[in-house]
Amino acid sequence: MSSELPTAPDSLPKYIVEGIPKQSNESLRDLQAWIDQLIEYREAVSAEDIEADDGEEIEEVDESGGTTTVIKRVDCGKDACTKCPETKHGPYRYEVSRQGGKLVWDYKGPVEG
Ligand SMILES: [Zn+2]
């Protein structure tokens, strides 16, 4: 057992680093449980939450992993494009999570083969 306060991760904002050590052990355990629930909530984006924007076409929603992966085709919106609006571009892979009540689409690149 160390007698020194463990060093906070550098990634944490100052108000968190200063506020957390002041809490009781009970509050810290509650916080720990709540953080787990928050992470689970953010990562668990179900297929019903996924909506295609104008000109987009969802090909697949995979909820089997820890995150939600969406494969979709997108319309570039350019009049001169030979692919749009019929075949579109892609398919591209995205990982979708929830941040502050909004869905965040993290582009992971084109789907191979
Ligand atoms: Zn196009």
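Model, not experiment: these values are computed from the prediction.

(A) Structural view of the coordination of the zinc ion. For the zinc ion, the full set of protein donor atoms is C76 (SG), C81 (SG), C84 (SG) and H89 (NE2), and the range of their distances to it is 2.0 to 2.3 Å. Metal-centred angles of 101 to 116° between the 4 donor atoms at the zinc ion mark the site as tetrahedral. In the primary sequence, the donor residues of the zinc ion line up as C-x4-C-x2-C-x4-H. Comparing C81 with H89 shows no difference in burial state: the two are buried.

(B) Layout of unusual backbone geometry. Residue P85 is reached from C84 by a cis peptide bond, and omega for that bond is 5°. For P85, the location among the structural elements is in the loop between strand 2 (68–74) and strand 3 (89–99). Cis geometry is found at the peptide bond from G90 to P91, where omega equals 5°. Phi angles above zero are rare outside glycine, and K88 is one such case at about 65°. Considering the arrangement of structural elements, one finds K88 in the loop between strand 2 and strand 3.

(C) Just the pattern of salt bridges, in detail. All chains considered together, the criterion is met by 5 salt bridges. The partner of K14 in a salt bridge is E18, with the nearest N and O atoms 3.6 Å apart. Placement of both K14 and E18 in helix 1 (residues 14–19) is noted, with a separation of 4 residues, approximately one turn of the helix. Here R73 makes a salt bridge to E59, at a shortest N to O gap of 2.8 Å. A residue pair is termed long-range when its members are at least 10 positions apart, and R73 in strand 2 and E59 in strand 1 (residues 57–62) qualify at 14 residues. Judged by its relative accessible area of 43%, E59 falls in the partly exposed class.

Cut-offs used in this document
- Residues numbered from 1 in each chain as written.
- Predicted model: local features only at pLDDT ≥ 70, side-chain atom pairs only at ≥ 80, totals over all residues.
- Heavy atoms only, no water.
- Donors = N, O, S within 2.8 Å, 3.2 Å for Na, K, Ca; no water.
- Tetrahedral: all angles 85-135°; square planar, octahedral: opposite > 155°, others 65-115°.
- Buried < 20%, exposed > 50% of the residue type's maximum accessible area, 1.4 Å probe, protein only.
- Helix = DSSP H or I, 4+ residues; strand = E, 2+ residues; numbered from the N terminus.
- Salt bridge = Lys/Arg side-chain N within 4 Å of Asp/Glu carboxyl O.

In short, geometric facts, not functional conclusions.
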